[in-house]
Amino acid sequence: MTETTIRAALAGAVADVLESMFFREAPAEIREVTPEEDTVTIHLKSDGDPPGCFRMSLAQAAANAIAADFLGEDAESITVQESTDVTLELGNMICGAVLSRIESSATFRLGAPRVLTDEIEEAAAGESMRYTVETGSGPMTVAIQMETRTCPQTEKYAY
Amino acid sequence: MEQIIVGMADCKVGHVAGQVLATYALGSCIGLSVYDPKAAVGGLLHYMLPDSGIDPERSRQNLYMFADTGIPKLLEQVCGQGASRRRLVAHAAGGASIMDPQAIFDIGKRNYLALRKILWKAGILLAGEAVGGGSSRTVRLEIGSGRLWLQEGGKQKELVASFPQKGEIRWPTGS
Amino acid sequence: MAYRVLITDDSPAMRSFVRRVIELSGFELSACFEAGDGAQALEVLKNEWVDAILTDINMPGVDGEELLRRLAADELLRGIPAIVISTDATQNRIERLLALGARGYVTKPFRPEALRAELERTLGVPCD
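Starting afresh in each chain, residues are numbered from 1 along the sequence in its written order. Here the convention is simple: chains get letters from A, ligands get numbers from 1, in the order in which they are written. Only residues with pLDDT of 70 or above have their local features reported here, since the model is predicted, and side-chain atom pairs are shown and tallied only from 80 upward, although totals for entire chains, interfaces and linings are computed over all residues.

Caption draft 1: Structural detail: the overall build of chain C. Broken down by element type, chain C carries 5 helices and 5 strands. Secondary structure elements follow DSSP: runs of H or I of four or more residues count as helices, runs of E of two or more count as strands, with numbering from the N terminus. Mapped in sequence order, the helices and strands of chain C form the string β-α-β-α-β-α-β-α-β-α. Scaling as 2.2 N^0.38, a compact globule of 128 residues should have a C-alpha radius of gyration of about 14 Å, and chain C matches this with 13 Å. Taken along the three principal axes of its C-alpha coordinates, chain C extends 35 × 35 × 25 Å. The burial label depends on the number of other C-beta atoms within 10 Å of a residue's C-beta. Counts of 20 or more mean buried, 12 or fewer mean exposed, and intermediate counts mean partly exposed, with C-beta atoms placed from the backbone. Burial status across chain C gives 45% buried among its 128 residues. Here the contact rule is simple: place C-beta atoms from the backbone, and any two residues whose C-beta atoms are within 7 Å are in contact. Excluding contacts between residues fewer than 6 apart, the proportion of contacts in chain C whose partners are at least 24 apart in sequence is 61%. Throughout, radius of gyration means the C-alpha value; the globule benchmark is 2.2 Å times the number of residues raised to the power 0.38.

Here it is, written out as structure tokens:
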């Protein structure tokens, strides 16, 4: 599995998900990101061949706008809970779409997505493939870290 | 048969049986047809760009130029003539890449996504569509029957056969 | 005809989306039940009859595969058509779930019109 393959999978998954269910055009990749203060980050683990971790960060304003598109509502009327719920599902779908592209012949299982807070330990340091886009409402970064067979397995996610 | 031409950045509504709303040269533009078969009221919008935010002054002069101002206005107008939003049957045509074959600006696709977003928010799913590609299209909507024709690449086809006319009873097959 | 449906997904946002698609598709709903996992779905089905079940697969606790197995094992419940809505687009998974009795399969992400088409096909009716 090459870096090019994974990057293409990330790009394709993001475009596919945002176009189908959020009615947003495939966003352009951006290389330099100005750190946003108010962001939401979600994390989930996958149990496939190989297993891995997925993370998605986006500006809160982008999360609210994207949630509004998904629910067919005005952004002003989106509640915090609705924004969080949609963001979790967005991450779930992008991760699933990435893995379906990478692991097309294997079965994978996704753990439940969760919002990362300061209290939750950061995922083990390691190389992850990152891909950042401008959604039109703020930047969104997706990252995937796949285990290689020479590395020790991470702990199974209990769900 | 009264033919009513819908120009670029234009919209017409019909409520008289026999009227035919027609729009031509749908390239990157989108032609949105909506029809209420019970009220026998329909409308056809031909818009050019997705978002009025890029030129608010222009949208004030002609709100049919943009998806986000034109589509709500179309729905308001057909409902004003007695259509019910819940009963509307919607079709879209256009969104092609004619002047932009490598889709660098991708206006056609952006127009199409804007359409889907606005219809989703308005609570309407598309019943059919003929979008993308590189051909120009023509759409005709007949009021009364609800018949819808699409012309593309020199060929015409009927997208929607007629709905039952007011007062007409259609027996289920086999009865 | 008014339909009774059960939507099973651990995501409240996805349950809302699916419900909206069903309503906008022209199906008249006399009841729409929601469940956050397979166990909740089975609990609903103890007391309520439904015409269709739409279920996710990756859910905590009793997941969608196990739900399909338990439906297939029940003489009454096995007759209810189930449509799977899942992020897993791999051929292995699709074939396995169809073999477990799923009547339809929609891969996330999906266009609302695609779910409508699958509903019409599975229920055997055009909805307009």
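Caption draft 2: Here's a closer look at the overall build of chain A. Each helix and strand in chain A was counted, giving 3 helices and 6 strands. In chain A, the succession of helices and strands from N to C terminus is α-β-β-α-α-β-β-β-β. When burial is assessed residue by residue, chain A has 42% of its 159 residues classed as buried. Residue pairs in contact within chain A that sit at least 24 positions apart in sequence constitute 68% of those at least 6 positions apart.

Caption draft 3: Here's a closer look at the environment of C:Asp37. Residues and elements named next belong to chain C. On the secondary structure map, Asp 37 appears in the loop between strand S2 (28-35) and helix H2 (38-47). Asp 37 gets classed as buried once you count the C-beta atoms within 10 Å, which come to 21. With 69 residues separating them along the chain, Asp 37 and Val 106 place their C-alpha atoms 18 Å apart. Beyond its immediate sequence surroundings of up to four residues, Asp 37 is in contact with Asp 10, Met 59, Pro 60, Gly 61 and Val 62.

Caption draft 4: View of the sheet that holds strand S9 (residues 148-152) of chain B. Residue and element names in this part refer to chain B. One open sheet holds the 5 strands; their spatial order is S1-S3-S8-S9-S10, and the pairing between them is mixed. Only two strands of the sheet have a single neighbouring strand rather than two, namely strand S1 (3-6) and strand S10 (155-160). Sheet twist, expressed as the average angle between the axes of neighbouring strands with direction ignored, equals 20°. Here, strands pair whenever DSSP counts at least two bridges between them. Here 5 bridges tie strand S8 (residues 137-142) to S9, and the two strands are oriented antiparallel to one another. What sits directly across from Thr 138, in S9, is Gln 151. Helix axes are fitted only over the stretch in contact, all axes being lines through C-alpha atoms; the angle between N-to-C directions runs from 0 to 180 degrees.

Caption draft 5: Local environment of the packing of H2(C) against helix H3 (residues 64-73) of chain C. All names here are of chain C. The interhelical angle for the contact between H2 and H3, taken along N-to-C directions, is 30°, at an axis separation of 9 Å. One finds that H2 runs roughly parallel with respect to H3. Where H2 approaches H3, its residues Gly 38, Ala 41 and Leu 42 are matched on the opposing element by Gly 64, Glu 66, Leu 67 and Arg 70. Only Asp, Glu, Lys and Arg are considered charged in this grouping, and only Ala, Val, Leu, Ile, Met, Phe, Trp, Tyr, Cys and Pro are considered nonpolar; every other residue, Gly among them, is considered polar. Each residue belonging to the contact of H2 with H3 can be placed in one class, and the counts come to 3 nonpolar, 2 polar and 2 charged. Between 65 and 115 degrees an angle is taken as roughly perpendicular, under 35 as roughly parallel, over 145 as roughly antiparallel, and anywhere else as oblique.

Caption draft 6: Spotlight on the sheet that holds S2(C). Residue and element names in this part refer to chain C. The parallel open sheet is built from 5 strands, whose spatial order is S2-S1-S3-S4-S5. In the strand order of this sheet, the two ends are held by S2 and strand S5 (104-107), each with one partner. Strand-to-strand twist across the sheet, computed as the mean angle between neighbouring axes with direction ignored, equals 20°. Two elements, strand S1 (residues 2-8) and S2, share 7 bridges in a ladder whose sense is parallel. Counterpart to Ile 7 in the pairing with S2 is Glu 34. Packed on one face of the sheet, H3 meets S1, strand S3 (52-55) and strand S4 (82-86) and runs near 170° to S4.

Caption draft 7: Fine view of H3(C). All names here are of chain C. Where H3 is concerned, the buried positions are Gly 64, Glu 65, Leu 67, Leu 68 and Leu 71. Across the axial projection of H3, the buried residues extend over an arc of 160°, all falling on one side. Residues of H3 that are buried make contact with S1, H2, S3, S4 and helix H4 (91-99). Taking the helix axis as origin, the arc is that swept by the directions to the C-beta atoms.

Caption draft 8: How the structure looks around unusual backbone geometry. Here C:Lys108 and C:Pro109 are connected by a cis peptide whose omega angle stands at 0°. For A:Phe23, which is not glycine, the phi torsion reads 60° and is therefore positive. Looking at where A:Phe23 falls in the secondary structure, it is placed in the loop between helix H1 (3-22) and strand S1 (39-47). Positive phi, normally seen in glycine, also occurs at B:Ala9, with a value near 55°. The residue B:Ala9 is located in the loop between S1 and strand S2 (10-14) in this model. Residue classification places B:Ala9 among the buried residues on the basis of 20 C-beta atoms within 10 Å.

Caption draft 9: Just the pairing of S8(B), in detail. Residue and element names in this part refer to chain B. Taking burial as the measure, the 6 residues of S8 include 5 buried ones, the bulk of the element. Judged from the 5 bridges that link them, strand S3 (residues 20-26) and S8 form a sheet pairing that is antiparallel. Each bridged residue has a counterpart across the sheet, and for Leu 26 the counterpart in S8 is Arg 137.

Caption draft 10: Summary view of the interface of chain A and chain C. Listed as interface residues are 26 residues of chain A and, on the opposing side, 20 residues of chain C. Elements that contribute at least two residues to the side of chain A that touches chain C include exactly H1, helix H2 (60-71), helix H3 (80-102) and strand S3 (109-110) of chain A. In terms of residues, the side of chain A that touches chain C owes the most to one element, H3(A), which gives 9 residues. Residues of the side of chain A that touches chain C, tallied by class, amount to 13 nonpolar, 8 polar and 5 charged.

Caption draft 11: Representation of helix H5 (residues 112-123) of chain C in the model. Multiplying 1.5 Å by the residue count of a helix minus one yields the expected span of that helix. When the terminal C-alpha atoms of H5(C) are compared, their 17 Å separation across 12 residues agrees well with the 16 Å that a helix rising 1.5 Å per residue should span. Taken residue by residue, H5(C) has C:Pro112, C:Leu115, C:Arg116 and C:Leu119 as its buried positions. The buried residues of H5(C) occupy an angular sector of 105° when projected down its axis, which confines them to one face. Buried residues belonging to H5(C) abut helix H3 (107-122) of chain B together with helix H1 (12-24) and S5 of chain C. With its phi angle positive at about 75°, C:Gly124 sits one or two positions after the end of H5(C).

Caption draft 12: Structural view of the nonpolar core. Linking buried Ala, Val, Leu, Ile, Met, Phe, Trp, Tyr and Cys residues through C-beta atoms within 7 Å yields a set, and such a set is a nonpolar core. Residues A:Val17, A:Ile94, A:Val98, B:Tyr47 and B:Leu115 are the most contacted members of the largest nonpolar core, which totals 126 residues. With 10 residues, H3(A) is the largest single contributor of residues to this core. Contacts of A:Val98, omitting those with residues within four sequence positions, involve A:Ala9, A:Leu10, A:Ala13 and A:Ile144.

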